[in-house]
Amino acid sequence: QVQLVESGGGLVQAGGSLRLSCTTSGRTSSSYAMGWFRQAPGKERQFVASMGWNAAITRYADTVKGRFTISRDNAKNTVYLQMNSLKPEDTAVYYCAADRTPLLTTTPAYWGQGTQVTVSS
């Protein structure tokens, strides 16, 4: 019932910015905890950021804190990940995730297909 579609990935130089979007179909995004994970080649999936049902509750991985910002536009059923000061180590496939829970769990029920982010040196 719930489908997540990511967009906004691409190739940027170190220090650049990208904004990822995750559009939710089937239900309004305000009814779900939303978040982002990423996975680089040869590495395990890594938590990036999340937002609870209540947008006031946000979490960030230490590696992105201060550089990335998660936000949502309920009218558009869209969650965003603004990524600034990108580093080569941010290169990964970024996945949008959602849960029917107040806070995003470590094993989200719903996943998008992913969008590639590549940061060149």
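Bear in mind that the values here come from a model prediction, so they are computed numbers and not experimental data.

K.L.:
Help me understand the overall build of the protein in this model?
P.N.:
Check the secondary structure of the protein and you find 0 helices and 11 strands. Beginning at the N terminus, the succession of helices and strands in the protein can be written as β-β-β-β-β-β-β-β-β-β-β. Dimensions of the protein, computed from C-alpha atoms along their principal axes, come out at roughly 40 × 25 × 25 Å. Within the protein, the fraction of its 121 residues that count as buried is 41%. Taking as baseline every contact in the protein between residues at least 6 positions apart, the subset at least 24 positions apart corresponds to 56%. Surface accessibility of the protein: about 6,300 Å² in total, with carbon and sulfur atoms responsible for 48%. Across the protein, the 12 positively charged side chains and the 7 negatively charged ones have centroids separated by 4 Å.

K.L.:
Where do I start with the pairing of strand E1 (residues 3-7) in this structure?
P.N.:
Where burial is concerned, the two faces of E1 differ: the one with Leu4 and Glu6 is buried and the one with Gln3, Val5 and Ser7 is not. Pairing analysis gives 5 bridges linking E1 to strand E3 (residues 18-25), with the strands arranged antiparallel. By the bridge assignment for E3, Leu4 is matched with Thr24.

K.L.:
What is the right way to look at the nonpolar core in this model?
P.N.:
As a rule of thumb, soluble globular proteins bury nonpolar side chains together. Core analysis: the largest hydrophobic core is formed by 27 residues, its most contacted members being Trp36, Leu81, Met83 and Tyr94. Elements represented by at least two residues in this core include exactly E3, strand E4 (33-39), strand E5 (46-51), strand E7 (68-73), strand E8 (78-83), strand E9 (92-99) and strand E11 (115-120). In terms of residue count, the dominant contributor to this core is E9 (4 residues).

K.L.:
When you look at the sheet that holds E7 in this model, what are you seeing that I'm missing?
P.N.:
The antiparallel open sheet is built from 4 strands, whose spatial order is E1-E3-E8-E7. Bordering the open sheet on either side are E1 and E7, each of which pairs with just one other strand. Adjacent strand axes in the sheet meet at a mean angle of 20 degrees, parallel and antiparallel pairs treated alike.

K.L.:
Is there a simple way to explain the environment of Tyr110 in this structure?
P.N.:
Looking at where Tyr110 falls in the secondary structure, it is placed in strand E10 (residues 110-111). For Tyr110, a relative accessible area of 19% gives the class buried. Spatially, the C-alpha atom of Tyr110 lies 8.3 Å from that of Cys96, the residues being 14 residues apart in sequence. Aside from chain neighbours lying at most four places away, what touches Tyr110 is Val2, Leu4, Tyr32, Cys96, Ala97, Ala98 and Arg100.

K.L.:
How should the layout of surface pockets be read in this particular structure?
P.N.:
The gaps of empty space that remain are located by a probe, the size of a water molecule, rolled over the atoms. By volume, the largest pocket is sized at about 160 Å³. Around the largest pocket sit 13 residues that line it, and Arg38, Ala40, Lys43, Gln46 and Glu89 are the ones nearest its centre. Of the residues contributing to the lining of the largest pocket, the split by class is 2 nonpolar, 4 polar and 7 charged.

K.L.:
Is there a simple way to explain the packing of aromatic side chains in this structure?
P.N.:
Applying the stated rule across the entire model yields 4 aromatic pairs. Consider the rings of Tyr32 and Tyr110, whose centres lie 6.1 Å apart with planes at 90 degrees: the pair is edge-to-face. Placement of the pair is Tyr32 in the loop between E3 and E4 and Tyr110 in strand E10, with a sequence separation of 78 residues. The class for Tyr32 is buried, based on a relative accessible area of 2%. For the pair Phe37 and Phe47, a centre-to-centre distance of 5.7 Å together with 75 degrees between the ring planes defines the contact as edge-to-face. Within this pair, whereas Phe37 is found in strand E4, its partner Phe47 is found in strand E5, the two being separated by 10 residues in sequence. For Phe47, a relative accessible area of 27% puts it in the partly exposed group. Here the aromatic residues Phe37, Phe47, Tyr95 and Trp111 are joined through ring pairs into a cluster of three or more.

Conventions we followed
- Residues numbered from 1 in each chain as written.
- Predicted model: local features only at pLDDT ≥ 70, side-chain atom pairs only at ≥ 80, totals over all residues.
- Heavy atoms only, no water.
- Helix = DSSP H or I, 4+ residues; strand = E, 2+ residues; numbered from the N terminus.
- Buried < 20%, exposed > 50% of the residue type's maximum accessible area, 1.4 Å probe, protein only.
- Contact = heavy atoms within 4.5 Å.
- Areas by Shrake-Rupley, 256 points an atom, 1.4 Å probe, with all protein chains shown as cover.
- Lys, Arg positive; Asp, Glu negative; His and termini not counted.
- Charge placed at Lys NZ, Arg CZ, Asp CG, Glu CD.
- Pairing = 2+ DSSP bridges.
- Core = buried A, V, L, I, M, F, W, Y, C linked by side-chain atoms within 4.5 Å.
- Axes fitted to C-alpha atoms, helices over the stretch in contact; angles between N-to-C directions.
- 1 Å grid on protein atoms, 1.4 Å probe; cavity = no way out; pocket = protein on both sides within 12 Å on 5 of 7 lines; lining within 4 Å.
- Points joined across faces, edges and corners; volume = space filled by probe spheres on them.
- Nonpolar A, V, L, I, M, F, W, Y, C, P; charged D, E, K, R; others polar.
- Phe/Tyr/Trp six-rings, centres within 6.5 Å; stacked < 30°, edge-to-face > 60°.

Taken by themselves, the reported measurements are silent on function.
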